[in-house]
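# Remarks on the overall topology
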Amino acid sequence: MKKTIKNLAIVALVAFTTFSFTTKSGEKKEIKTDKSKVVWKGYKVTGSHEGTVAIQSGSLTFDDNKLVGGEFVMDMNSIGSTDLEGNMKGKLDGHLKSDDFFGVEKHPTAKLVFTKVTPSGKNAYTVTGDLTIKGKTNPATFTISIYGNKATASLKVDRTKYDVRYGSTSFFDGLKDKAIYDEFDLVADLEF
């Protein structure tokens, strides 16, 4: 009898400890990469260019229907322009993949990992994450809005923080109308 009570006390203690320290890890929802799209837009003195880059994989994590995390891997080999055709498109797409820009041979992916998510409205969150491009990681802050099984996000990226220096007046003098601005935009339309 004494042994049974002792065993029961141990079981109760283990159960209490387990329930007291168990935390919710959240529900991870995979991004439907074939139904999601990321558009980039870069600016230069004489205009702009835009295009897409494919999501290789991604997920958003929710706890009680509130966004608490996320992670994305971008396929940098897929980067391409959508505002040009023919030979001009081929030249720009090749240049974007070269070491002058994203060096996709050595750095085939870019990654974004959410580190902090703060509600900022009914369906909106302010997210801070670690953005890695060309092997360099820097913090990025942006807003993401969630509507049912869809999300939209947009962020500005300073390319010079990732060693993407080509045509930057921050590093080269005398570029005149060949200058390319340091910041570019990313706009994501996601489905999960």
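Structure: above.
Residues numbered from 1 in each chain as written. Predicted model: local features only at pLDDT ≥ 70, side-chain atom pairs only at ≥ 80, totals over all residues. Heavy atoms only, no water.

## Section: the overall build of the chain
Helix and strand counts for the chain stand at two helices and nine strands. Secondary structure elements of the chain, listed N to C terminal, follow the sequence α-β-β-β-β-α-β-β-β-β-β. Looking at the 192 residues of the chain, the share that counts as buried comes to 36%. Pairs at least 24 residues apart make up 56% of the contacts formed inside the chain by residues separated by at least 6 positions. (Helix = DSSP H or I, 4+ residues; strand = E, 2+ residues; numbered from the N terminus. Buried < 20%, exposed > 50% of the residue type's maximum accessible area, 1.4 Å probe, protein only. Contact = heavy atoms within 4.5 Å.)

## Things to note about the side chain of S145
Tracing the backbone shows S145 in strand β7 (residues 136–147). Those residues in contact with S145, other than ones at most four positions away along the chain, are N123, A124, K150, A151 and T152.

## Concerning helix α2 (residues 86–97)
Between its first and last C-alpha, α2 extends 17 Å over twelve residues, near the 16 Å set by a 1.5 Å rise per residue. For α2, the set of buried residues is L92, D93 and L96. Projection of α2 onto a plane perpendicular to its axis shows the buried side chains occupying an angular sector of 100°, all on one side. Residues N87 and K91 are exposed on α2 and point more than 90 degrees away from its buried face. For α2, the secondary structure elements touched by its buried residues are β2 (37–44), β3 (47–63) and β4 (66–81). (Expected span 1.5 Å × (residues − 1). Arc of directions from axis to C-beta.)

## Topic: the environment of L67
Among the structural elements, L67 can be located in strand β4. Through-space distance from the C-alpha of L67 to that of I146 is 8.4 Å; in sequence the pair is 79 residues apart. Excluding its chain neighbours within four sequence positions, the residues that come into contact with L67 are L60, T61, F62, F114, V117, Y125, V127, I144 and I146.

## Examining the layout of surface pockets
The calculated volume of the largest pocket comes to roughly 980 Å³. Together, 47 residues line the largest pocket, and W40, G42, L96, F101 and F102 are the ones closest to its centre. Counting residues per element, the lining of the largest pocket draws most heavily on strand β9 (residues 180–191), at eight residues. The residue makeup of the lining of the largest pocket, split by class, is 35 nonpolar, five polar and seven charged. (1 Å grid on protein atoms, 1.4 Å probe; cavity = no way out; pocket = protein on both sides within 12 Å on 5 of 7 lines; lining within 4 Å. Points joined across faces, edges and corners; volume = space filled by probe spheres on them. Nonpolar A, V, L, I, M, F, W, Y, C, P; charged D, E, K, R; others polar.)

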